[in-house]
Amino acid sequence: GENVEQHPSTLSVQEGDSAVIKCTYSDSASNYFPWYKQELGKGPQLIIDIRSNVGEKKDQRIAVTLNKTAKHFSLHITETQPEDSAVYFCAPSWGSASKIIFGSGTRLSIRP
Amino acid sequence: GAGVSQSPSNKVTEKGKDVELRCDPISGHTALYWYRQSLGQGLEFLIYFQGNSAPDKSGLPSDRFSAERTGGSVSTLTIQRTQQEDSAVYLCASSSIAGNTEAFFGQGTRLTVV
């Protein structure tokens, strides 16, 4: 089965600086690479995703980059703001009819 | 409905009692997942459904846990003879297909066993 590792587990950055979270996976058949954001008291919500035929995707201040050879993908948040404070999860998967395994999560704190 | 709905939002129960947690997925979503999240921890996979069948129930912690899904829609997670270690937030998610597509989560049920 898929083995997913996420680093770092906690990250504190100054408001306005950038944050990067990395997710490493084991299954070379993985072809879908999403990032979810979980705010306090809520369920996780998709913020950006990428498929295996694309190397990078950007949506305003957030971006995801994929390195299929090395089997890792990363979440990049630029010009961080207080509302970016949350827990972020990766969840690589493949094919249909499969369970979704999440990384262990990264708690991001933005210092004012 | 517009999103995934879970009920109750909070449940306090006495040790040894049975509890039922309900999940209403987004209409038309064939895949449904249950996760458990202890305070400050990650998402622990419990079980997922494809239609009414459960191809993978490997995450259920013990035989006190069971789940069913009827009519390809509503799912119920049942915990029998609850223990204090069962205290956690139970999250349900649904997606149009199982696997490589966006999963939509409910707000969760916070279970407290006293």
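Residues numbered from 1 in each chain as written. Chains lettered and ligands numbered in written order. Predicted model: local features only at pLDDT ≥ 70, side-chain atom pairs only at ≥ 80, totals over all residues. Heavy atoms only, no water.

**Q** Quick rundown of the state of the cysteines? Include the residues and the values.
**A** Simply put, disulfide is the name for a covalent bond between the sulfur atoms of two cysteines. Considering all chains together, one arrives at 2 disulfides over all chains under this definition. Shown here is the disulfide that connects cysteine 23 of chain A with cysteine 90 of chain A, its sulfur atoms set 2.1 Å apart. Given an S-S torsion of about 70°, the disulfide between cysteine 23 of chain A and cysteine 90 of chain A has right-handed geometry. Within this pair, whereas cysteine 23 of chain A is found in strand β3 (residues 19-25), its partner cysteine 90 of chain A is found in strand β9 (residues 86-90), the two being separated by 67 residues in sequence. Residue cysteine 23 of chain A shares its accessibility class with cysteine 90 of chain A, and that shared class is buried. Between the sulfur atoms of cysteine 23 of chain B and its disulfide partner cysteine 92 of chain B the distance amounts to 1.9 Å. (Disulfide = S-S within 2.5 Å. Helix = DSSP H or I, 4+ residues; strand = E, 2+ residues; numbered from the N terminus. Buried < 20%, exposed > 50% of the residue type's maximum accessible area, 1.4 Å probe, protein only.)

**Q** How would you explain the nonpolar core if you had to name every residue and give the values?
**A** All names here are of chain A. The biggest cluster of nonpolar side chains holds 22 residues, and the ones touching the most others in it are Trp35, Phe73, Leu75, Tyr88 and Leu108. Elements with a contribution of two residues or more to this core: β2 (10-14), β3, β4 (32-38), β5 (45-51), β7 (62-67), β8 (72-77), β9 and β10 (106-111). In contact with leucine 75, other than residues within four places in its own chain, are Ala19, Val20, Ile21, Trp35, Ile47, Ile48, Ala63 and Tyr88. (Core = buried A, V, L, I, M, F, W, Y, C linked by side-chain atoms within 4.5 Å. Contact = heavy atoms within 4.5 Å.)

**Q** Account for the interface of chain B and chain A, naming residues and giving values.
**A** In this complex, chain B contributes 22 residues to the contact, which on the side of chain A involves 23 residues. Roughly 1,700 Å² of surface becomes buried between chain B and chain A when both sides are summed, with 55% attributable to carbon and sulfur atoms. If you look at where chain B meets chain A, you find 1 salt bridge. Between the two partners, chain B and chain A, sit 6 residue pairs in polar contact (both at pLDDT 80 or more). Those elements that provide at least two residues to the side of chain B that touches chain A are β4 (31-37) and β5 (44-50) of chain B. When grouped by side-chain class, the residues that make up the side of chain B that touches chain A number 10 nonpolar, 10 polar and 2 charged. (Buried area = accessible area lost by both parts, 1.4 Å probe. Salt bridge = Lys/Arg side-chain N within 4 Å of Asp/Glu carboxyl O. Polar contact = N/O pair within 3.5 Å; in protein donor to acceptor, adjacent residues only side chain to side chain. Nonpolar A, V, L, I, M, F, W, Y, C, P; charged D, E, K, R; others polar.)

**Q** Account for the pattern of salt bridges, naming residues and giving values.
**A** Following the criterion strictly, the structure yields 9 salt bridges over all chains and no others. Note that lysine 17 of chain B and glutamate 14 of chain B form a salt bridge whose closest N and O atoms lie 3.8 Å from each other. By relative accessible area, lysine 17 of chain B is classed as partly exposed at 46%. The salt bridge involving glutamate 44 of chain B is made with arginine 36 of chain B; its shortest N-O contact spans 3.0 Å. Since its relative accessible area comes to 11%, arginine 36 of chain B is described here as buried. What you see here is one network of salt bridges that share partners, running through Lys37, Glu39 and Lys42 of chain A.

**Q** Break down the sheet that holds strand β8 (residues 75-79) of chain B for me, citing the residues and quoting the values.
**A** Residue and element names in this part refer to chain B. The 4 strands lie next to each other as β1-β3-β8-β7, forming an open sheet whose pairing is antiparallel. Taken across any chain shown, the strands that pair with only one partner, and hence form the sheet edges, are β1 (5-7) and β7 (65-69). Looking at each pair of strands side by side, their axes are set apart by 15° on average, direction ignored. In this structure, β7 lies alongside β8, joined through 5 bridges in antiparallel fashion. Residue phenylalanine 65 lies in a different strand from β8, and its bridge partner there is isoleucine 79. (Pairing = 2+ DSSP bridges. Axes fitted to C-alpha atoms, helices over the stretch in contact; angles between N-to-C directions.)

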